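Residue-level structural notes
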Amino acid sequence: SVLQLDQAKPGSGYALNVAVKDSSNRIIAERCDEFRFPVQEAWNNTAAGISERVPVPWTDMVYDGSTVKVWGREYRLNESGLPRSIISMDGELLASPVTLHLSGASGKVDLNGMKFAFLERKPTEARFRSTRHGKDFDLTVTGLLEYDGFLWYDVELRPHGKVNISQFQLEIPVRKDAARFVMLNRSGSAYATLDTAEKLHGNQPFFQQMLFCNDERGLAYFTESDEFYHPRAAASATELKPAADAL
């Protein structure tokens, strides 16, 4: 139930009495809770603190084709909008481009033919989108890159009727020399597992946050939550797979 308090005065105290009665109008349960209606802060619902200027020591974002440079980091985006290269403090983090492996009834989806375009290019942030129209579904990858290196993606699949997705896998090949240490954090947990990469190889459950790093630089990956995410093989939703030069 929703209780409307349209006439409530900020800062005022109230008592909420709830009683449960049976068919004879006899009270069988009762509870009283006191609360104080919060005071409206002066900055609430205003533009206070919101600025289109980049604060020091960060610098304005620089654009060169599909490459975006921020302070200490450079992102080179491919046609899908995913990074083909991430350079941090003059060191490459990726062993190869980030790839989305996606398969439907018509087979594996080729992301090389996607149409990439910037929606906004500002000193503080960049917004971009990549689209692909397919037989089974349309694919849209939307990205937001901010001046401090924060990069966020939304991936949307719009099916043409009933479609079976046989594969949906994001592969992030991090260079081995950039992934000496790995930190894993499960959704809803205040604890994290931190160890050397060699000790965490293999199948893992879903992790909301993952950090791959060495003593100088690193790459952190996170998702909003695993709500409505029910993989068939939940115990191996994440795989840390070593390769010749990548993890």
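Each remark here, short or long, concerns the structure printed above.
The rules behind the values
- Residues numbered from 1 in each chain as written.
- Predicted model: local features only at pLDDT ≥ 70, side-chain atom pairs only at ≥ 80, totals over all residues.
- Heavy atoms only, no water.
- Helix = DSSP H or I, 4+ residues; strand = E, 2+ residues; numbered from the N terminus.
- Rg over C-alpha atoms; globule rule 2.2 N^0.38 Å.
- Buried < 20%, exposed > 50% of the residue type's maximum accessible area, 1.4 Å probe, protein only.
- Contact = heavy atoms within 4.5 Å.
- Areas by Shrake-Rupley, 256 points an atom, 1.4 Å probe, with all protein chains shown as cover.
- Core = buried A, V, L, I, M, F, W, Y, C linked by side-chain atoms within 4.5 Å.
- Salt bridge = Lys/Arg side-chain N within 4 Å of Asp/Glu carboxyl O.
- Pairing = 2+ DSSP bridges.

Our next topic: the overall build of the protein. Counting its secondary structure elements, the protein contains zero helices and 20 strands. Expected size for 247 residues packed as a compact globule is a radius of gyration near 18 Å; at 24 Å, the protein overshoots this value by more than 25%. For the protein, the spread of C-alpha atoms along the principal axes amounts to about 75 × 45 × 45 Å. By the burial criterion, 29% of the 247 residues in the protein qualify as buried. Sequence separation of 24 or more characterises 50% of the internal contacts of the protein that already satisfy a separation of 6 or more. When the accessible area of the protein is evaluated, it comes to approximately 16600 Å², of which 50% is carbon and sulfur surface.

Here we come to the nonpolar core. In terms of nonpolar packing, the biggest core is built from 34 residues, with Leu-145, Val-182, Leu-184, Phe-212, Leu-240 and Leu-247 touching the most fellow members. Looking at this core, the elements with two or more residues in it are β4 (67–70), β5 (73–77), β8 (99–104), β11 (125–133), β12 (137–146), β15 (181–185) and β18 (209–213). Looking at which element gives the most residues to this core, the answer is β12, with four residues. With residues up to four places along the chain from it excluded, the contact list for Leu-240 reads Val-182, Leu-184, Leu-200, His-201, Gly-202, Phe-212 and Leu-247.

A few words now on the pattern of salt bridges. One pass over the full model with this rule turns up 11 salt bridges. Note that Asp-22 is salt-bridged to Arg-26, the shortest N-O span being 3.2 Å. By relative accessible area, which is 24% here, Asp-22 ends up partly exposed. Measuring nitrogen to oxygen at the nearest pair gives 3.2 Å for the salt bridge that ties Arg-127 to Glu-125. Given a relative accessible area of 14%, Glu-125 falls into the buried group. Here the residues in one salt-bridge network are Glu-52, Glu-120, Lys-122, Glu-125 and Arg-127, joined through shared partners.

The element β12 is largely enclosed, with a buried count of eight among its 10 residues. Taking the residues that link successive antiparallel strands as the turn, the β11-β12 hairpin has three residues. Pairing of β12 with strand β13 (residues 151–159), which is carried by nine bridges, proceeds in the antiparallel orientation. Residue pairing for β13: Asp-138 is matched across the bridge by Arg-158. Between β12 and β13, which pair antiparallel and follow one another directly, the connecting turn spans four residues, one of which, Gly-149, has a positive phi of 95°.

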